[in-house]
Amino acid sequence: MPPVISIADIAQHDGQEVTLRGWVYNRTGKGKLSFIKLRDGSGIAQCVAFKGDLTEEQFEQASKVSQESSVVITGVVKKDERAPGFPGGYELSVKAFEVVQMAHEYPITPKEHGPEFLMDNRHLWVRSSRQWAILRIRSTIINALRSWLDDNGYLLVDTPIITPAAGENTTDLFKLDYFGEPAFLSQTGQLYNEANMMAFGKVYCFGPTFRAEKSKTRRHLIEFWMLEPEMAYFSLEDLMALEETLLAHVIQTVLTKHRAELTDILERDLAPLERAAAAPYPRISYDEAVQRLQTLAAQTDDPEQRDLLKIEWGEDFGSPHETALTQMFDQPVFVYHYPSAVKAFYMQPVDGRPEVCRSVDLLAPEGYGEITGGSERIWDSQLIEERVATIGLPREAYAWYLDLRKFGSVPHAGFGLGVERTVAWVCGLPHVRETIPYARLLNRKYP
Ligand code: 4AD
Ligand code: MG
């Protein structure tokens, strides 16, 4: 029996007889030849069936088999530089052909389909090569983030998904009935990270987070995955250094592992990624960012564009502002010291200038905008008590969080990185919906 191999390993079997198991990605044929592009999850290989090499029945099946039928194909691997596929460069001369299940007429064909149709068929769309490439890159990004942290003294400490209180913003919580009491789906693991950081020094959590805000943009998901490191005795400067080191490592890893997917399948321009693969990244204050935007708006001739860029000191950035800012730099850019009023209650005010806080967002280039948000946290007991009271959070629900400031409080800082926005930028996608296997959007929870 020939060995069953993965298409990813086909080059190691040049000249050998092997068995491939997978699905028919595409079939064409003429007379005595049938060309089957087979995908097996690890890659795509062209299999060439010649009538004379197969039984009559097998050749009949090989020349009729429908798109996405499951098949087992045995043949001899042959090097051929022109052979299409992924990795490509090798094809299989078919010696035996078996259909496991003949697929019904497949709804996703090589012709163009609209995004809503594709999202309705997401359970099938994940098989298409673009989606396949994106989700493989997503997996690598998550792995690179986690393994860097694991290798550098950070401990994964899981945080709960069901919580009794808001972590970020009380207005966008999903409410649950917890045996007759209210509870919420977590928006962030941060508050628990702060407790864990006091036990383990450098921690991170990684998990799904939920936002009930009714945003319908290309950057917002209702359910998304966030990586959140939290470190004791960390300053804002330490935080930026960590973020850029971590992100540069992630980009280097993706460029090493997925150059072919990025260029051949996603047609991604690699130059911006190459530039992001080296730290440090530029840093500007919120004040400077506002000035730059105001200058840009004043120089803009198009009144509509000028209107979009308009901003007064104190306002949060919208997408057009972030887009414009990232276009001023050719690397990811840090924007720090945002107005306290537009940020979360736990952010440390700047010494002598409490209207701004020790916060930092990292904006991805090419118009992508915010991919991380973080800050130094208020660590003074009295100040955090005041904040909780002023914004009207229920003290009982936060009692444990307030405790942390009483028992060996320390300056500390952390950030959250949104996996989907990072994947969208790395892959050069216009919308986050393709960056997660099953997107939850304002108007979508199926499939
Ligand atoms: O800026 P955010 O809301 O920060 C926090 O939740 C902090 N508690 C994190 C921390 O300091 N530990 O979210 C962090 C990141 C954003 O920069 C963005 O990348 C992503 O999470 N994000 C979203 N991604 C997709 N859809 C949404 N609705 C998102 N909201 C935030
Ligand atoms: Mg943010």
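From a predicted model like this one, the values you see are computed outputs, not experimental measurements. (Residues numbered from 1 in each chain as written. Chains lettered and ligands numbered in written order. Predicted model: local features only at pLDDT ≥ 70, side-chain atom pairs only at ≥ 80, totals over all residues. Heavy atoms only, no water.)

**Quick look at the domain arrangement of the protein**
Here's step 1: Split by domain assignment, the protein resolves into domain 1 (7-101) and domain 2 (123-282 + 329-434).
Here's step 2: With 9 residues of domain 1 at the interface, the matching set in domain 2 holds 8 residues.
Here's step 3: Taken as a group, Y25, R39 and F86 account for 63% of the area that domain 1 buries against domain 2, more than any other trio of residues on that side.
Here's step 4: The interface formed by domain 1 and domain 2 contains 1 salt bridge.
Here's step 5: Between R127 and E68 there is a salt bridge, with the nearest N and O atoms lying 2.9 Å from each other.
Here's step 6: Counting across the domain 1 and domain 2 interface gives 3 residue pairs in polar contact (both at pLDDT 80 or more).
Here's step 7: Broken down by class, the residue content of the side of domain 1 that touches domain 2 amounts to 4 nonpolar, 3 polar and 2 charged. (Domains from an automatic or database assignment. Contact = heavy atoms within 4.5 Å. Buried area = accessible area lost by both parts, 1.4 Å probe. Salt bridge = Lys/Arg side-chain N within 4 Å of Asp/Glu carboxyl O. Polar contact = N/O pair within 3.5 Å; in protein donor to acceptor, adjacent residues only side chain to side chain. Nonpolar A, V, L, I, M, F, W, Y, C, P; charged D, E, K, R; others polar.)

**Some remarks on helix α12 (residues 395-403)**
Here's step 1: Regarding α12, the residues found buried are A397, Y398, Y401 and L402. Along α12, the residues classed as buried sweep out an arc of 130° about the axis, all on the same side.
Here's step 2: Of the surrounding secondary structure, the elements contacted by the buried residues of α12 are α5 (190-200) and α11 (381-390). (Buried < 20%, exposed > 50% of the residue type's maximum accessible area, 1.4 Å probe, protein only. Helix = DSSP H or I, 4+ residues; strand = E, 2+ residues; numbered from the N terminus. Arc of directions from axis to C-beta.)

**With respect to the site of ligand 1**
Here's step 1: Surveying the vicinity of ligand 1 reveals 23 residues, the closest of which are E168, Q190, R211, E228 and E370.
Here's step 2: Protein chains bury 94% of the 630 Å² of accessible surface belonging to ligand 1 in isolation.
Here's step 3: At the level of elements, β12 (223-232), β18 (369-376) and β19 (412-418) are the ones that each hand at least two residues to the shell around ligand 1.
Here's step 4: Per element, the largest residue contribution to the shell around ligand 1 is 5 residues, and it comes from β18.
Here's step 5: Residues that form the shell around ligand 1 fall into these classes: 6 nonpolar, 9 polar and 8 charged. (Near = heavy atom within 4 Å. Areas by Shrake-Rupley, 256 points an atom, 1.4 Å probe, with all protein chains shown as cover.)

**Overview of the side chain of H412**
Here's step 1: Looking at where H412 falls in the secondary structure, it is placed in strand β19.
Here's step 2: On the basis of relative accessibility, which here comes to 3%, the residue H412 falls in the buried class.
Here's step 3: Here the side chain of H412 touches E194 through a polar contact of 2.7 Å, side chain to side chain.

**With respect to the pattern of salt bridges**
Here's step 1: If you walk through the whole model with that rule in mind, you get 25 salt bridges.
Here's step 2: Between R219 and E322 there is a salt bridge, with the nearest N and O atoms lying 3.3 Å from each other. Of this pair, R219 sits in the loop between β11 (202-210) and β12 while E322 sits in helix α10 (residues 319-326), and the two are 103 residues apart along the sequence.
Here's step 3: Since its relative accessible area comes to 8%, E322 is described here as buried.
Here's step 4: Residues D307 and K310 are paired through a salt bridge, measuring 3.3 Å at the closest nitrogen-oxygen approach.
Here's step 5: On the basis of relative accessibility, which here comes to 54%, the residue K310 falls in the exposed class.

**Here we look at the pairing of strand β16 (residues 353-357)**
Here's step 1: Strand direction decides the pairing type here: strand β15 (residues 349-350) and β16, joined by 2 bridges, are antiparallel. By the bridge assignment, V350 is partnered in β16 with R353.
Here's step 2: Between β15 and β16, which pair antiparallel and follow one another directly, the connecting turn spans 2 residues, one of which, G352, has a positive phi of 75°. (Pairing = 2+ DSSP bridges.)

**Focus on unusual backbone geometry**
Here's step 1: A cis amide bond, omega 10°, links F86 with the succeeding residue P87.
Here's step 2: With respect to the element layout, P87 can be found in the loop between β5 (85-86) and β6 (90-101).
Here's step 3: Here the amide bond leading from Y446 into P447 is cis, since omega sits at -5°, within 30 degrees of zero.
Here's step 4: Of note, P447 is situated in the segment after α13 (419-427).
Here's step 5: One non-glycine residue, E68, lies in positive phi territory at about 75°.
Here's step 6: Here E68 is to be found in the loop between α1 (56-62) and β4 (70-79).
Here's step 7: One non-glycine residue with positive phi stands out, namely E267, at about 50°.
Here's step 8: Tracing the sequence through the fold places E267 in the loop between α6 (236-265) and α7 (271-276).

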